[in-house]
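# Structural characterization, general
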Amino acid sequence: MQGRVTHTRGSNQALLRDLLKHVSRLFYTTLVVVPANVRDQVSLAYLFARAADTIADTELIDRSRRLHYLALLKAQFSGDQVSLEQVREIRQVVGTVQQDSAERQLLERLEECFAVFGEFSPEDRRRLRQLMTTLVRGMEMDLMVFPGSTAAQLTALKSLDALDQYTYYVAGCVGEFWTDLMCTYRRGLRSWNVRTMAAVGVRFGKGLQLTNVLKDIAHDLQRGRCYVPEPMLAEHGLAPQDLLDVRNLPRFRPVLTELIRMTVDHLDQGWLYTMAIPRYETRLRLSCMWPILSAGESLKLIRVSPDVLNPAVKIKISRARVYGMMAVTILTGACAYTGTAYWGRLRKYLT
């Protein structure tokens, strides 16, 4: 790394925790359940991903320049050398226009994040390079496939394969990263076949991303993005522009039902993945249980909501529901029977 700065493990942890508290209180709070010997790697992966997402979403910078700065960020993960000059350029151009103080601070401290990255083991750097290269590819796909940013410029994905590819780029690859990392550092997973379980982890990630797509349909439509593939809509006599009219929800329901079914199929694989984690790896089990159960609760709301196409309404599970789910799984020690019964009850509402 050019101009490399040496950090101690303690200073690494302090930097990552401080940034996470500002960038995402929710992630910082739930990070406590992630096993301690992988917490730094997961934290830094999250911060790098948020930095890339911030670049992609900065509409005060035109689309071509956002693509340029995403490419600059991706280039830092293409080999062992990090160009601090290019990292500073990202900070100076993209960081200074951020209106959100957390995102501005993240980009301002991006050099420090790369300094921490440089202290990781070669294998951990390899994992992070592979993850970030793929994640950024998904953000580039977003900017190139959807040329507009308003409902008047609405564009839809052209095929189900395109949706599958997108969900791999932005979430499925996280399942690969997570599996590779945990199989290396967690004793209970060292007997796993990494390649086989990573493929299941990809399904897990795709299920979580599809849940996000369904929750955010109305909001994304207003931004010119329809992640529902055109052929799925056409089968029911719909065009992407029809989804801008909330009165078309009854016609859209069959498509929504099919997408929920696809999402549940992926999440079922995620549940099998979670149950393959030994009971004594309680923290690891919980860190996988919670996203699946939260996704199930969200899908339950989506399935019956009259406001799926209404951009004025945000579909979100209550904080009480989240805390209740966390309490049940913690108090039962991530018990497979209790957790599977919970997931099974949710599935009844979804299939």
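Small disclaimer: the values here were computed from a predicted structure and weren't measured.

What counts and how
- Residues numbered from 1 in each chain as written.
- Predicted model: local features only at pLDDT ≥ 70, side-chain atom pairs only at ≥ 80, totals over all residues.
- Heavy atoms only, no water.
- Helix = DSSP H or I, 4+ residues; strand = E, 2+ residues; numbered from the N terminus.
- Rg over C-alpha atoms; globule rule 2.2 N^0.38 Å.
- Buried < 20%, exposed > 50% of the residue type's maximum accessible area, 1.4 Å probe, protein only.
- Contact = heavy atoms within 4.5 Å.
- Areas by Shrake-Rupley, 256 points an atom, 1.4 Å probe, with all protein chains shown as cover.
- Lys, Arg positive; Asp, Glu negative; His and termini not counted.
- Charge placed at Lys NZ, Arg CZ, Asp CG, Glu CD.
- Core = buried A, V, L, I, M, F, W, Y, C linked by side-chain atoms within 4.5 Å.
- Expected span 1.5 Å × (residues − 1).
- Salt bridge = Lys/Arg side-chain N within 4 Å of Asp/Glu carboxyl O.
- Polar contact = N/O pair within 3.5 Å; in protein donor to acceptor, adjacent residues only side chain to side chain.
- Phe/Tyr/Trp six-rings, centres within 6.5 Å; stacked < 30°, edge-to-face > 60°.
- Lys NZ or Arg CZ within 6 Å of the ring centre and 35° of its normal.
- Axes fitted to C-alpha atoms, helices over the stretch in contact; angles between N-to-C directions.
- Parallel < 35°, antiparallel > 145°, perpendicular 65-115°, else oblique.
- Left-handed = near helix turned anticlockwise from the far one by under 90°.
- Nonpolar A, V, L, I, M, F, W, Y, C, P; charged D, E, K, R; others polar.
- pLDDT = per-residue confidence, 0-100.

### Examining the overall build of the protein chain
Regarding its fold elements, the protein chain presents 16 helices and two strands. In terms of overall size, the protein chain behaves like a compact globule, its C-alpha atoms giving a radius of gyration of 20 Å where 351 residues would be expected to give roughly 20 Å. Taken over the C-alpha atoms alone, the protein chain extends approximately 60 × 50 × 35 Å along its principal axes. Taken over 351 residues, the protein chain has a buried fraction of 54%. Considering only residue pairs separated by 6 or more positions, the protein chain has 75% of its internal contacts joining residues 24 or more positions apart. Surface exposure of the protein chain reaches about 15700 Å², of which carbon and sulfur atoms provide 52%. If the 46 positive side-chain charges of the protein chain are averaged to one point and the 35 negative ones to another, these points end up 7 Å apart.

### Remarks on the nonpolar core
Of all hydrophobic cores here, the largest spans 112 residues; its most connected members are Leu44, Phe48, Leu110, Phe114 and Phe252. With sequence-adjacent residues up to four places away left out, Leu44 is seen in contact with Leu16, Cys113, Val116, Phe117, Phe120 and Leu128.

### A word on helix H4 (residues 63-75)
One turn of an α-helix holds 3.6 residues; hence residues three or four places apart share an orientation. With 13 residues, H4 should cover 18 Å at 1.5 Å per step; its first-to-last C-alpha distance of 18 Å lies within 8% of that length. Where H4 is buried, its residues contact helix H3 (39-57), helix H5 (84-94), helix H7 (110-119) and helix H8 (122-145).

### Digging into the pattern of salt bridges
For the coordinates displayed, the defined rule picks out 23 salt bridges. Measuring nitrogen to oxygen at the nearest pair gives 3.8 Å for the salt bridge that ties Glu103 to Arg50. In this pair, Glu103 is assigned in helix H6 (residues 101-108) and Arg50 in helix H3, connecting sequence segments 53 residues apart. Residue Asp142 pairs with Arg225 through a salt bridge whose shortest N-O separation is 3.5 Å.

### Remarks on the side chain of Arg66
With respect to the secondary-structure elements, Arg66 resides in helix H4. Here Arg66 occupies a buried position and makes no salt bridge, while the nearest side chain of opposite charge, Glu59, is found at 5.2 Å. At a separation of 2.9 Å, a polar atom in the side chain of Arg66 contacts the main-chain carbonyl oxygen of Ile61. Sequence-distant contacts of Arg66, defined by excluding residues within four places in its chain, comprise Ile55, Ala56, Asp57, Thr58, Glu59, Ile61 and Leu143.

### Observations concerning the packing of aromatic side chains
Scanning all chains against the criterion turns up twelve aromatic pairs. Ring geometry for Phe48 against Phe77: centres 5.1 Å apart, planes inclined by 80°, an arrangement best described as edge-to-face. Taken together, the residues Phe48 in helix H3 and Phe77 in the loop between H4 and H5 connect sequence positions 29 residues apart. In terms of burial, Phe48 and Phe77 fall into one category: buried. Measuring from ring centre to ring centre gives 4.7 Å for Phe48 and Phe114, while their planes differ by 45°; the resulting arrangement is tilted. Remark: Phe114 occurs in helix H7 and Phe48 occurs in helix H3; sequence separation between them is 66 residues. A relative accessible area of 0% means that Phe48 is categorised as buried. Every member of this aromatic cluster is reached through a ring pair, and the members are Phe48, Phe77, Phe114 and Phe117. Directly above the ring of Tyr349 sits Lys300, whose terminal nitrogen or CZ lies 4.2 Å from the centroid. Positioned over the ring face of Tyr342 is Arg345, at 5.7 Å from the centre of the ring.

### Quick word on the packing of H8 against helix H9 (residues 160-185)
Running from amino to carboxyl end, H8 crosses H9 at an angle of 170°, the nearest separation of the two axes being 9 Å. Between H8 and H9, the angle is such that the two are roughly antiparallel. Considering only the axes of H8 and H9, their crossing is left-handed. The residue makeup of the contact of H8 with H9, split by class, is 14 nonpolar, five polar and seven charged.

### Things to note about the side chain of Thr155
Note on placement: Thr155 falls in strand S1 (residues 155-156). Not counting residues within four places of it along the chain, the set of residues in contact with Thr155 comprises Val145, Phe146, Pro147, Gly224, Arg225 and Cys226.

### So, the environment of Ala51
Tracing the chain through its elements places Ala51 in helix H3. Ignoring anything within four residues of it in the chain, the contact list for Ala51 reads Leu106, Leu107 and Leu110.

### Observations regarding unusual backbone geometry
Unusually for a residue other than glycine, Ala334 sits at a positive phi of about 60°. For Ala334, the position within the fold is in the loop between helix H15 (319-331) and helix H16 (336-350).

### Considering the packing of helix H10 (residues 194-215) against helix H14 (residues 282-304)
Contact geometry of H10 with H14 gives a least axis separation of 10 Å together with a crossing angle of 35°. The two elements H10 and H14 meet at a crossing, and its hand is left-handed. Taken together, the residues of H14 that come into contact with H10 (itself represented by Phe204, Leu208, Thr211, Leu214 and Lys215) are Cys288, Pro291, Ile292, Ala295, Ser298, Leu299 and Ile302. Here the residues of the contact of H10 with H14 are counted per class, giving nine nonpolar, two polar and one charged.

### Describing the confidence of the model for the protein chain
As a note on interpretation, predicted positions should not be read in detail where pLDDT is low. Counting all residues, the mean pLDDT for the protein chain is 93, and 96% of those residues have values of 70 or more. In this model, residues 1-7 is a region of pLDDT below 50 whose contacts with residues beyond four sequence positions or in other chains number 23 contacts.

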